[in-house]
Amino acid sequence: MAGIDEAGRGPLAGPVVVAAVVFSAGRTPINGLDDSKALSARKRESLYPRILEHALAWKIVFVEADEIDRRNILQATLHGMREALLGVAHVATCARIDGNRLPTNLPCPAEAWVGGDARDRSIMAASILAKVARDARMLELHAQYPQYGFDRHKGYPSPAHLAALREFGPCPQHRRSFAPVRAVIEAFRL
């Protein structure tokens, strides 16, 4: 069973990251798994290498801001989910995907599980991989664009991020199809 989850649908900048994880049948040999949002950053980072070590297969997919703008966030996320599942399809006979929608053209049968990141250990593991990978990418982007504070808010629309966006305008990593970014672009055109 592959578990699939994403991180980063709501931010104004950076990629949406999707992960798929397959464990062998039976009890997952990792204690402490949970929805990534319920874990501290330190706990997620300690679980990350253990998940990679114990998974039969795993895949992390980054769908970048320009592709999010081309497809829209829902379609970009579904595309990432399909790509992540394709990356583990050699060992997965079915999949559970966190959420209420399934991508099309999947390589195996799949179920959408609302709240799956709190119910299924493979989805929990995928949630952790996606979140840790995305947070690491946002730290890289912070090194390139320190004026936005990506190290603190990870691209989410915090008051500090919105203020920086208004002051400096968008960088190449901002999602231009998102309303707050679009509004700043329009203001800069005046």
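As a reminder, the structure under discussion sits directly above these lines.
Every value quoted in this text rests on a predicted model; they were computed, and no experiment measured them.

(A) Local environment of the nonpolar core. Counting residues in each nonpolar core, the largest one holds 27 residues, and the members touching the most others are Ala2, Ile4, Ile68, Leu85 and Val88. Secondary structure elements with two or more residues in this core: β1 (2–7), β2 (16–22), β3 (57–63), α3 (73–88), β4 (95–98) and α7 (179–189). In terms of residue count, the dominant contributor to this core is α3 (7 residues). Here Ile4 is in contact with Val18, Ala19, Ala20, Met81, Leu85, Ala95, Arg96, Ile97, Asp98, Ile123 and Ala126, once residues within four sequence places are set aside. The next biggest cluster of nonpolar side chains, apart from the first, holds 21 residues, and it includes Phe23, Ile60, Ala126 and Leu129.

(B) Broad picture of the environment of Ser36. Assignment of secondary structure puts Ser36 in the loop between β2 and α1 (41–54). The exposure class assigned to Ser36 is buried, which follows from its relative accessible area of 4%. Spatially, the C-alpha atom of Ser36 lies 16 Å from that of Pro11, the residues being 25 residues apart in sequence. Residues within four places of Ser36 in sequence aside, it is in contact with Arg44, Ser127, Ile128 and Lys131. Separated by 2.7 Å, the side chains of Ser36 and Ser127 make a polar contact.

(C) Examining the packing of aromatic side chains more closely. All chains considered together, the criterion is met by 2 aromatic pairs. Both rings, one in Tyr148 and one in Phe150, keep their centres 5.5 Å apart while their planes meet at 15°; by these two values the pair is stacked. Assessed through its relative accessible area of 0%, Phe150 is described here as buried. Through successive ring pairs, a cluster of aromatic residues spans Tyr148, Phe150 and Phe168. Sitting over the face of the ring of Trp113, Arg119 holds its NZ or CZ atom 4.2 Å from the ring centroid. Seen from the ring of Phe62, Arg137 lies directly overhead, with NZ or CZ sitting 4.2 Å from the centre.

Calculation criteria
Residues numbered from 1 in each chain as written. Predicted model: local features only at pLDDT ≥ 70, side-chain atom pairs only at ≥ 80, totals over all residues. Heavy atoms only, no water. Core = buried A, V, L, I, M, F, W, Y, C linked by side-chain atoms within 4.5 Å. Buried < 20%, exposed > 50% of the residue type's maximum accessible area, 1.4 Å probe, protein only. Helix = DSSP H or I, 4+ residues; strand = E, 2+ residues; numbered from the N terminus. Contact = heavy atoms within 4.5 Å. Polar contact = N/O pair within 3.5 Å; in protein donor to acceptor, adjacent residues only side chain to side chain. Phe/Tyr/Trp six-rings, centres within 6.5 Å; stacked < 30°, edge-to-face > 60°. Lys NZ or Arg CZ within 6 Å of the ring centre and 35° of its normal.

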